[in-house]
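Reading the structure
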Amino acid sequence: MKLMAKAIKNKVLKSMITILGNRRAEIIDANKRDLDAFTKDDQAMYDRLVVNDKKVDGMIQAVTEVMEQDDPVDTEISSLTLANGLKVINKTAPFGTIMIIYESRPDVTIEAAVLAFKANNKILLKGGKEAVHSNKELVYCWHLALEENGLERDWIQLLTLNRDETQAFLKNPDQKLDLIVPRGGERLIAFVKEHAQCAVLISGRGNNFLFVHKNADWDKTVNVILNAKTHKISACNALDKILFDADLPDLEAKLKELNAILKESNVTVLVDDNVSKVLTKNQVIADEAVWYEEFLAMRCVIGMTNDVDAAIEKINTYSGGHSSTIMTEDTTVAFAFMQQVDSAAVYHNASTRFTDGGQMGVGAELAISTDKLHHRGPLGLKQLVTNKYYVFGNGQIRE
C-alpha cells in the first residue's frame, strides 16, 4: 500500500472537520431516522445510537485531536549496526486494510476511520443495521473530504452486509484484509474468530470487578462504586461485580448502606450466598453464568471473598479482562492486586470508567483491546501500526 504524505492526510482531516460542521443538520436528521426505527428494547444500545449536537461536536473534536497528533507511520523504533556491517533499522508501518465490526455507535464511524486513515490504513466499516442511515451519512462526509483532496473513496468503505453476507465476506473477502477488530459481545467475537482468514484483535466485553479490601476508605468506595456503576451503563468500562472482603470492619452495616444507596439509584442488586445472609430480601444468584455476564444495565452483583487472593482468583476466573479496581488504603496490597489481576487496566481507588482513550491520554480510540497481541487497552493512533525491518548491506552473505 502506497504511503501518503503526512500533509495530505492532515488536509483530508481538516476538510472533514469543516464538512462535519457544515452537514451537522443532515447527520442529526439521518440519525433521527435510525432512532425512529429503533424499538428501544435495549436501552444501552439506544443510548449508544443517539447523535445530537454534543455528539457531532465530539466527532469534530476527535478528528481535530488526531490531526494534531504526530504521524505514527515510518517512525524509527530502533537502529543497530552489526559486526558484519549490516545496518538494521526497525520502523513503524501501516497494517494495510483494517475491518472493524461494531454495533449502534455512529461515532465509531468517525473515530475508527480517522485513526485508521492517519495511520495510512484503509478501513472497512461494518456497522450495525440499527445505525445504517447515520453511518451512510458519515461515510458520505468522509468521501467528500477524500475527493476534495484528490484521493479515492476506497480508503474508507462502509459495508452494509447481513449476517450471512458477513460470514461469506470473512471467509472469502473480495480484497486483502490484514486485521479485523470485532467490537462487541462474545457472540460477535466468536463468530468473527470462527470465520476470519486473517488476524483478529479482540475488543472484548467488560464485566468489570471492584474489590473492597478490609482497609478501604468507605466514603471513597461508595463514590467510586456509584460512578462506575451508574455514570454510563452502556459503556464497556461500567462496573458489574462488587466483591467485599469478609474482614471489612462493620461489614453488615456497610453492605446494607451500599444496597440502599444503589437501590435509590435504581440499580437492581443481586447477591451471592454469603451476602444473602445480610441482604436477605435481595435476589440470590442461582446460576454461575451470571458471574461471567456483562450487564450493560442498571444491575450489579455483590459478593464476598475471604481475602484479596480469593478476590484475585474470582476476578481472573470470571471477568472479561477489561478493567478491575481495588479499594484500599494499603498500597502494598493494592500493588499486589494490580500485578496479579489479569485485566487490560487495573485501578487503585478509582473508577473503571476511566478506561477510555480520551481519559487515559491516548486520544480517540478504535476500541479497548482485551487481547494481548499486539496491544492491550485503548487502541489509539500509535497502536494502529505494525513494524518493518529495513536492512542495509554492501554485499554481505550469511556463512
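Residues numbered from 1 in each chain as written. Predicted model: local features only at pLDDT ≥ 70, side-chain atom pairs only at ≥ 80, totals over all residues. Heavy atoms only, no water.

Here we look at the overall build of the protein
We apply this condition: Helical segments are the DSSP runs of H or I of at least four residues, strand segments are the runs of E of at least two, and each set is numbered from the N terminus. Think of it in three bands: with a 1.4 Å probe and only protein chains considered, a residue is buried below 20% of the maximum accessible area for its type, exposed above 50%, and partly exposed in between. Here, residues are in contact when the closest pair of their heavy atoms is within 4.5 Å. Areas reported as accessible are Shrake-Rupley estimates using a 1.4 Å probe. Residue values count occlusion only from the protein chains shown.
For the protein, the helix and strand inventory stands at 14 helices and 17 strands. Overall, the C-alpha framework of the protein stretches about 70 × 65 × 40 Å when taken along its three principal axes. Burial analysis of the protein (399 residues in total) assigns 53% to the buried set. Considering only intrachain contacts with a sequence separation of at least 6, the fraction spanning at least 24 residues in the protein is 70%. Carbon and sulfur atoms make up 47% of the accessible area of the protein, which totals about 18,700 Å².

A closer look at the packing of aromatic side chains
Put simply, the test is: Pairs were defined over the aromatic rings of Phe, Tyr and Trp, the Trp ring being its six-membered one, requiring ring centres within 6.5 Å. Orientation was assigned from the angle between planes: stacked under 30 degrees, edge-to-face over 60, tilted for the rest. As a reminder, the over-ring test applies to NZ of lysine and CZ of arginine, requiring each to be within 6 Å of the ring centre and within 35 degrees of the ring normal.
In total, this model carries seven aromatic pairs according to the counting rule given. Ring centres of phenylalanine 211 and phenylalanine 337 lie 6.4 Å apart, and the angle between their planes is 15 degrees; this geometry places the pair in the stacked category. Taken together, the positions of phenylalanine 211 in strand S8 (residues 208-212) and phenylalanine 337 in helix H14 (residues 331-340) put the pair 126 residues apart, joining distant regions of the chain. Take phenylalanine 211 and phenylalanine 337: they sit in the same class, and that class is buried. Between the NZ or CZ atom of lysine 241 and the centre of the ring of phenylalanine 295, over which it lies, the distance is 4.4 Å.

Looking at the packing of helix H7 (residues 163-171) against helix H8 (residues 186-195)
Note the following rule: Orientation is described by axes fitted as lines to C-alpha atoms, over the contacting stretch for helices, and by angles from 0 to 180 degrees between their N-to-C directions. By definition in this entry, angles of less than 35 degrees are roughly parallel, angles greater than 145 are roughly antiparallel, angles of 65 to 115 are roughly perpendicular, and the rest are oblique. In the scheme used here, Gly and all other residues not listed as nonpolar or charged are polar, with Ala, Val, Leu, Ile, Met, Phe, Trp, Tyr, Cys and Pro taken as nonpolar and Asp, Glu, Lys and Arg as charged.
The N-to-C vectors of H7 and H8 enclose an angle of 40 degrees; their axes lie 8 Å apart at closest approach. Of the possible angle classes, the one that applies to H7 and H8 is oblique. The residues of H8 that touch H7, namely those facing Arg163, Thr166, Gln167, Leu170 and Lys171, are Phe191, Val192 and His195. Looking at the contact of H7 with H8 residue by residue, the classes come out as three nonpolar, three polar and two charged.

A word on the nonpolar core
For clarity, the cut-off: Think of a nonpolar core as a cluster: buried Ala, Val, Leu, Ile, Met, Phe, Trp, Tyr and Cys residues, connected wherever their side-chain atoms sit within 4.5 Å.
Residues Leu20, Ile100, Ile123, Leu125 and Leu366 are the most contacted members of the largest nonpolar core, which totals 52 residues. At the level of elements, helix H1 (6-22), helix H4 (53-68), strand S3 (97-102), helix H5 (106-118), strand S4 (122-126), helix H6 (132-148) and strand S6 (179-183) are the ones that each hand at least two residues to this core. Take this core: its biggest share by element is eight residues, from H5. Once residues lying within four places of it in the same chain are set aside, the contact partners of leucine 366 are Ile100, Ala112, Leu115, Ile123, Val181, Arg183, Leu379 and Leu384.

So, the pattern of salt bridges
Applied cut-off: For this document, the term salt bridge refers to a Lys or Arg side-chain nitrogen within 4 Å of an Asp or Glu carboxyl oxygen.
Under the criterion given, the structure shown has 15 salt bridges. The salt bridge partner of aspartate 71 is lysine 9, with a shortest N-O separation of 2.8 Å. Within this pair, whereas aspartate 71 is found in the loop between H4 and strand S1 (76-81), its partner lysine 9 is found in helix H1, the two being separated by 62 residues in sequence. You'll find aspartate 71 and lysine 9 in the same group, each marked buried. With a shortest N-O distance of 2.3 Å, lysine 176 and aspartate 178 are connected by a salt bridge.

So, the sheet that holds strand S17 (residues 385-392)
Short version of the rule: Pairing between strands is defined by DSSP: at least two bridges between the two strands are required.
Here we have three strands laid out as an open sheet, ordered S1-S2-S17, and antiparallel in their pairing. Lying at the two open borders of the sheet, with one neighbouring strand each, are S1 and S17. Recorded for the sheet is a direction-independent mean angle of 20 degrees between the axes of neighbouring strands. Relative to strand S2 (residues 87-94), S1 runs antiparallel, the two being bridged by five bridges. Pairing of glutamate 76 across the sheet is with lysine 91, part of S2.

A few points about the sheet that holds strand S5 (residues 156-158)
Taken together, five strands build an open sheet; the order of strands is S5-S4-S3-S6-S7 and the sheet is parallel. With partners counted over all chains shown, the strands left at the sheet margins are S5 and strand S7 (199-200), one partner each. Pairing geometry for S4 and S5, over three bridges, is parallel. Across the sheet, isoleucine 123 pairs through a bridge with isoleucine 156, a residue of S5. The sheet contacts of H8 involve S3, S6 and S7, and relative to S6 the element is tilted by about 160 degrees.

Some words on the packing of H1 against helix H2 (residues 24-37)
It is at 4 Å that the axes of H1 and H2 come closest, and there the two elements cross at 65 degrees. Where H1 approaches H2, its residues Leu20, Gly21 and Asn22 are matched on the opposing element by Arg24, Glu26 and Ile27. Grouping the constituent residues of the contact of H1 with H2 by class yields two nonpolar, two polar and two charged.

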